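If you want the building blocks of each chain, they are given just below.
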Amino acid sequence: MTKKLMRGLVPVMVLSAAAALFTGCGSKEAPADATQAGGSKETEAAGSTAASENKETESKGSESTGTSSKDTLIIATANETPSVTTNLHNAVAGDYINQMTHNSLFYTDENLEPQPCLVESYEIVSDTEWVFKLKQGVKFHNGQEMKAADVKASLELCKESPQVSQYGTSSGTIEVVDDYTIKMTTDGPQSGFLSDLCHHGNAILPADLIASGHDFNKEPIGTGPYKLVAWNKGESLELEAFEDYWGGAPAIKKVVWKVIPEGSSRTMALEAGEVDLIIEVESTDFTRLQDNADLVTFNEAGTSHNWLMINNEKAPFDNIDFRRALASAIDKNAVVQVALNGLGSVSDSMIAESFPGVVTDGAPTYDPEKAKEYLAASGLNPADCGFTIICSDDTKLRAGQVIQSSLKENLGVDVTLESMDLATYLDKTAVGDYEASIGGYTSSGVLPYAVGVYHSKSIDGSNKTRTNEPAIDELIDKLQATLDPEENVKVVTELSKAVNENCPQIPLYLRNNVRAYAKGLQGFNLNAGGNTFYEQMSWGEN
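Owing to the predicted nature of the structure, the values given are computational and were not obtained by experimental measurement.

Quick look at the pattern of salt bridges now. Overall, the coordinates contain 21 salt bridges when judged by the stated rule. As a salt-bridge pair, Arg288 and Glu271 come within 2.7 Å of each other at their nearest N and O atoms. Placement of Arg288 in helix H7 (residues 286-290) and of Glu271 in helix H6 (residues 263-271) is noted, with a sequence separation of 17 residues between them. Overall, Arg288 belongs to the partly exposed group, its relative accessible area being 42%. You can call Glu271 partly exposed: its relative accessible area is 33%. Overlapping salt bridges, with partners in common, bring together Glu271, Asp285 and Arg288 in one network.

The next point concerns the packing of aromatic side chains. The tally for this structure, following the rule as stated, stands at 18 aromatic pairs. Relative to Phe132, the ring of Phe106 has its centre 6.0 Å away and its plane inclined at 80 degrees; by these criteria the two rings are edge-to-face. One end of the pair, Phe106, is in strand E4 (residues 106-108); the other, Phe132, is in strand E7 (residues 129-134), with 26 residues separating them in the sequence. Exposure remark for Phe132: the relative accessible area of 0% places this residue in the buried category. Aromatic pair Tyr517 and Phe524: ring centres 4.5 Å apart, planes at 20 degrees, arrangement stacked. There is no split in this pair, since Tyr517 and Phe524 are both buried.

Quick look at the packing of helix H13 (residues 446-454) against helix H14 (residues 470-481) now. Orientation of H13 relative to H14, taken along the N-to-C sense of each, is 155 degrees, at an axis distance of 10 Å. Relative to H14, H13 is oriented roughly antiparallel. Note that H13 runs across H14; the crossing there is left-handed. Contact residues: Val446, Leu447, Ala450, Val451 and Tyr454 in H13; Ile472, Asp473, Ile476, Leu479 and Gln480 in H14. Here the contact of H13 with H14 is built from residues that sort into eight nonpolar, one polar and one charged.

Both strand E3 (residues 72-77) and strand E12 (residues 254-259) contribute to a ladder of six bridges, which runs parallel. For Ile74, the partnering residue across the bridge sits in E12 and is Val256. Of the strand pairs in this sheet, E3 and strand E13 (residues 277-278) are connected by two bridges, and their pairing is parallel. For Ala76, the partnering residue across the bridge sits in E13 and is Ile278.

Turning our attention to the confidence of the model for the protein. In the predicted model, the protein carries a mean pLDDT of 88, and the fraction of residues at 70 or more is 87%. Across residues 1-24, where pLDDT falls below 50, the model places 110 contacts with residues more than four positions away in sequence or in other chains. Note that pLDDT drops below 50 for residues 27-67; the model gives that stretch 104 contacts with residues more than four away or on any other chain.

Here we come to the pairing of strand E8 (residues 173-178). Consecutive side chains along a regular strand alternate between the two faces of the sheet. For E8 and strand E9 (residues 181-185), the ladder comprises five bridges, and the chain directions are antiparallel. When the bridges of E9 are listed, Asp178 appears paired with Thr181.

This brings us to the side chain of Gln190. Relative to the helices and strands, Gln190 resides in the loop between E9 and helix H4 (193-198). Non-local contacts of Gln190, meaning those with residues more than four positions away in its chain, are made with Ser170, Gln480 and Leu483.

About the criteria used
- Residues numbered from 1 in each chain as written.
- Predicted model: local features only at pLDDT ≥ 70, side-chain atom pairs only at ≥ 80, totals over all residues.
- Heavy atoms only, no water.
- Salt bridge = Lys/Arg side-chain N within 4 Å of Asp/Glu carboxyl O.
- Helix = DSSP H or I, 4+ residues; strand = E, 2+ residues; numbered from the N terminus.
- Buried < 20%, exposed > 50% of the residue type's maximum accessible area, 1.4 Å probe, protein only.
- Phe/Tyr/Trp six-rings, centres within 6.5 Å; stacked < 30°, edge-to-face > 60°.
- Axes fitted to C-alpha atoms, helices over the stretch in contact; angles between N-to-C directions.
- Parallel < 35°, antiparallel > 145°, perpendicular 65-115°, else oblique.
- Left-handed = near helix turned anticlockwise from the far one by under 90°.
- Contact = heavy atoms within 4.5 Å.
- Nonpolar A, V, L, I, M, F, W, Y, C, P; charged D, E, K, R; others polar.
- Pairing = 2+ DSSP bridges.
- pLDDT = per-residue confidence, 0-100.

Put into structure tokens, the structure is as follows:
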């Protein structure tokens, strides 16, 4: 292969299957329209001027169009992160914090493509050899300068950490060439290599602290635009701007994440001015928020795929006909209406339909009569097939209630719903200590999605159905090794059909990305994969 020096854009032969979950990277050099993530459209109340204000906001830096005495952003979230480390979780709630406090070598841009972050430039020597030049002068929160040794230690830590190790395998052998140069030699072609480098599991940490066993959950140290200064368990997380941030100090100097599990309470807090931004907007309150002239709402299709997650290692879920019976018996339209108030779309495929090449061929659809046929083929007595569904928030509980009703009516299967906090839910489902739950996975690309959700190497991590099918593993590995974009999409289709036929879980819906925030907040941004760059935001004039 001809050597090419790449600056900024991803090479054509490397697919833009961007990283699972969302990791951000701020830089003043970003294009001025980066604040409008992926061409996002905002829904505003009558008379709101926030959209026009946002267009004027400087991107990925600290400059803003106006001045304001307000320097704090208070965010309401339903779920508390289980960890503030980068390598000991694979939770969306944790990544929200990681993307503020840490950077990776690459980040996922508004078009869901991996772009250089802590990398100044890189050279593709061959299909398996990559040389990366690092930015110089980047400081960690403790004042140390980031160097190549830190990169090597951090990527190797990712490989060794079960919760995120699937994002470390593609980096292969890592060599320090000099203080600002890293060479990586992959084990064969890796179409998802740059995408993996975007993931928070590959965020860069100080090598000496890794070696000394530093407690990063007690004191996270990264290179991101914000530093964590306090974690009040069960209540809030407090962050302050890192004034030596290599991309320019953020305009908003303090960010507080308030943990408010109840959706109606989050809504009332925003309306009362007690918080400035809601992450998980209560769907039943969306119209009310939309009609509030002091607020701005955002509602756009996302890549968050949600399912009835079932443990394939436990009976009766080890019976493929029973799994198909479940998938045919659940009224998914009712789930979307009741759980999301219509703010999402029905999903039948086992891989999110938002990705190119994904098909619904072979996937069961809602058909109560067909569900009865599958149940008969399973040879199981519905009276013996009752199970418990874990629900970790109000939306999941509402989805569970529809599922409970559908399965009782269409199959005679009794379902019990169990509410559980997010951290406990994540622990139990990761190790297979459950029967069923309402779960989901947010990804910006089909490869990291497939590896995380269905590859056997992700069991005891993000493969919570504990799917262990050699034929599926083989297709995912083939997808990883296929660099040609057209051929890659063909493999996606082949893989999609295979997973649909296996029916390891029951897809329910693709959830929209929905947010609500105070009108004076400028620079709001959110792409389809869920990335938000808080360092872009500022407050307008009071």
